[in-house]
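Structural description and commentary
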There are 2 protein chains.
Amino acid sequence: MKGIRQLAENLDISIGTVSRALNGKPDVNEETRKRVLAAAEELGYVANQSGRSLRQGTTNAIGLMIESNKETVENSDNFFLGLTGGLQSVFSRHKLDLVMLPCPSDEDPYEYLKRMVARRVVDAMIISATQRIDRRIDLLVKAKIPFVALGRSSSGGNHPWIDLDFEGVAASAVARLVAKGHRKIAVAAPSSDINLGYIFVDAYRQALERHGMKYDPKLVIRVKSSEQGGYQAGHELLLLDSKPTAIILIYELMAIGLYRRLMEAGVVPGRDLAVIGFREEPRAKFLQPALTCFRMSLRDLGVELAETLLAAMPAYANFYPKGAHNTIWPLELVPGESDAFSLEP
Amino acid sequence: MKGIRQLAENLDISIGTVSRALNGKPDVNEETRKRVLAAAEELGYVANQSGRSLRQGTTNAIGLMIESNKETVENSDNFFLGLTGGLQSVFSRHKLDLVMLPCPSDEDPYEYLKRMVARRVVDAMIISATQRIDRRIDLLVKAKIPFVALGRSSSGGNHPWIDLDFEGVAASAVARLVAKGHRKIAVAAPSSDINLGYIFVDAYRQALERHGMKYDPKLVIRVKSSEQGGYQAGHELLLLDSKPTAIILIYELMAIGLYRRLMEAGVVPGRDLAVIGFREEPRAKFLQPALTCFRMSLRDLGVELAETLLAAMPAYANFYPKGAHNTIWPLELVPGESDAFSLEP
DNA sequence: TTGCCATAGGAAAACGTTTCCGGAAAGCAG
DNA sequence: CTGCTTTCCGGAAACGTTTTCCTATGGCAA
């Protein structure tokens, strides 16, 4: 005999009562509850999750889906691990466990998610790296699995999401450069199929126009968000007919490759070209001259993600009365040397 | 009605037969099996994992425990994500899913593991960052949960583990430096409480003695495995009475801090001091002069870990007849400029 | 025809838990 | 003492599977 039955046997109490005692149900004498808890501690009894889940239809676990394709592994760095701190700090208050579900690189993320959802191994999901059209979102909506997306998407109608403040970053970066006299500002961004690539460049365009400047598609360099992409961006920038005097990078890791290409051509960042990076990245921390960039706390972002998710789960509605909602996550400017010079006389 | 019952209803077949058909059991007509599979595909039916686990006593999931304390987040970089690629490639062949279980930073890893084990949410575990005395190992042995440890430990008797070839690296690094005429070789390592700190320094001592050199405890600088630790190591190195001409770093990230401290003192790495790093680390990739270091493939290590684990699981014994075993994982030398000079005339 | 074996599939138990329901005991007001 | 409420607990059903056991059917040999 095992499990709760064993425990009940030892205490000479019915299993129903043991269960109620352990789960803090009201209909149980405080005296017996103490005995049960003591015995459970003594025997190291913890309820079998499968039995529990089966009966309750709930797993007490939240899934964080991770797409570990090659690019993610290269780029995401400690991104997910950084998030988990914030996520856990919220979840643990509700006795929820976080499980990270890494999608195999040779499997379609949609199919993987579908399997995980169907298996009912978690109660809710956190997905990231959303696409503009993202079937995963439709799937989760249809399956009625609570979820939160890190990244906007036009799929799925009105679902909870958090996204970085691309508009704010673009506006801030452009304003900063314009104030220093720059009039030809390039941007290196991924393809507009990627949400980030689309939204950021649009925000950049609007920021330019607010300053009465003309948007020039030639100054938008489409490359991958990687070191190689940065090198490529540097290369294409040098080939432009009318040279820009500044460039905004959508991901700070690109700066490493960009610097390298520029150095090869004898162009010195921070003197001949102003450079601003988007998201702070440890690997780029040691560049000379230090990169001006935008920073955010992964931990805080994790907390916000967790709370947004719980707010979308009926069972936690009373804790987070705000309900399902969306958030634009602000980033903080960290001034460096890479854009310190001014073109004004 | 839901699940397999619904499916059986639709097909006008008993649920037992449906289950057998889906699980590839022999006692079912090929014709009906086809019908069942088609209907399952059609309806998107996937067996509920809780029901399955409860009945079978198995979860078809392998847990990878992650300790995401602050230091891990800072240092691990893409370590775990890099591993998952290799892990998944093996597990997916056996229809096993990998779940990453991040231990909350404010919870004792031992208690966390205990909870996960008791909940029976995975069939087997992978643990890492083992201590010389590691209660987790005793726990897993006692609970009879198959596991593999990344890192040696004196706990738990004869259990499966994989560890990096510290001896090989120490021998290779020392031999290389000695060949270039170095006679005073320092090493920067963490406290000997940490397994790594203990074993590596011991291997270093043996390597020295094989070359007929004397082990000098003063040349062992105990610092944290981080950038700050590297800076600290540089600082302490400069204070030594008899200056070493070379230093071996136990973790490459330390090189960043070390370089910084050396530069401040006008000591040029690769000219005034030879530097060799241990494990390749993307963030240190951009140092000048390029660091000589030892590299390994995280993916391959993941494959080996997965196979070692499966070999320790009775259910997979026929696939991996080797059974439980241990492996010393070799690393490959990547020559750089940081130790290129020679002291010989 | 009879008997036997192989094949296919149905019925039901079992996994470990939670929760609903009902009932005993005790307390209390009249 | 009676009737009603409250407190506490035991019994049993239910969650969705897999698996064991058993039966029905058909084929085949004697």
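Conventions adopted
- Residues numbered from 1 in each chain as written.
- Chains lettered and ligands numbered in written order.
- Predicted model: local features only at pLDDT ≥ 70, side-chain atom pairs only at ≥ 80, totals over all residues.
- Heavy atoms only, no water.
- Helix = DSSP H or I, 4+ residues; strand = E, 2+ residues; numbered from the N terminus.
- Rg over C-alpha atoms; globule rule 2.2 N^0.38 Å.
- Buried < 20%, exposed > 50% of the residue type's maximum accessible area, 1.4 Å probe, protein only.
- Contact = heavy atoms within 4.5 Å.
- Core = buried A, V, L, I, M, F, W, Y, C linked by side-chain atoms within 4.5 Å.
- Axes fitted to C-alpha atoms, helices over the stretch in contact; angles between N-to-C directions.
- Parallel < 35°, antiparallel > 145°, perpendicular 65-115°, else oblique.
- Nonpolar A, V, L, I, M, F, W, Y, C, P; charged D, E, K, R; others polar.
- Domains from an automatic or database assignment.

Overview of the overall build of chain A
- Secondary structure assignment for chain A yields 13 helices and twelve strands.
- Relative to a compact globule of 345 residues, whose C-alpha radius of gyration would be 20 Å, chain A shows 26 Å and is clearly more extended.
- Its C-alpha atoms give chain A principal-axis dimensions of roughly 90 × 40 × 35 Å.
- Counting the 345 residues in chain A, one finds 55% classified as buried.
- Residue pairs in contact within chain A that sit at least 24 positions apart in sequence constitute 67% of those at least 6 positions apart.

Details of unusual backbone geometry
Residues and elements named next belong to chain A.
- Here the residue pair glutamine 288 and proline 289 is connected by a cis peptide bond, since its omega of -5 degrees sits within 30 degrees of zero.
- Tracing the backbone shows proline 289 in the loop between strand 9 (274-279) and strand 10 (292-295).
- Despite not being glycine, asparagine 60 shows a phi value in the positive range, around 60 degrees.
- The residue lysine 95 is not glycine, and still its phi comes out positive at about 55 degrees.
- Mapped onto the fold, lysine 95 is located in the loop between helix 6 (79-91) and strand 2 (97-103).

Considerations on the nonpolar core
- Grouped together as the largest cluster of nonpolar side chains are 168 residues, with contacts concentrated most on Phe91(A), Tyr204(A), Phe91(B) and Tyr204(B).
- Sequence-distant contacts of Tyr204(B), defined by excluding residues within four places in its chain, comprise Ala170(B), Val174(B), Ile185(B), Ala186(B), Val187(B), Tyr215(B), Leu219(B), Val220(B) and Ile248(B).
- Residues Ala61(A), Val117(A), Val122(A) and Ile145(A) belong to the second largest nonpolar core, which totals 40 residues.

A short note on the packing of helix 1 (residues 3-11) of chain A against helix 2 (residues 15-22) of chain A
Residue and element names in this part refer to chain A.
- Across the interface, helix 1 lies against helix 2 with an axial gap of 9 Å and an inter-helix angle of 105 degrees. Judged by the inter-axis angle, helix 1 sits roughly perpendicular to helix 2. Of the residues in helix 2, those touching helix 1 at Ile4, Arg5, Leu7 and Ala8 are Ile15, Val18, Ser19 and Leu22.
- Among the residues making up the contact of helix 1 with helix 2, the classes are represented as six nonpolar, one polar and one charged.

Some words on the domain arrangement of chain A
- Domain parsing of chain A yields domain 1 (3-47), domain 2 (61-164 + 298-329) and domain 3 (166-296).
- Relative placement of domain 1 of chain A and domain 3 of chain A: their C-alpha centres are 62 Å apart.

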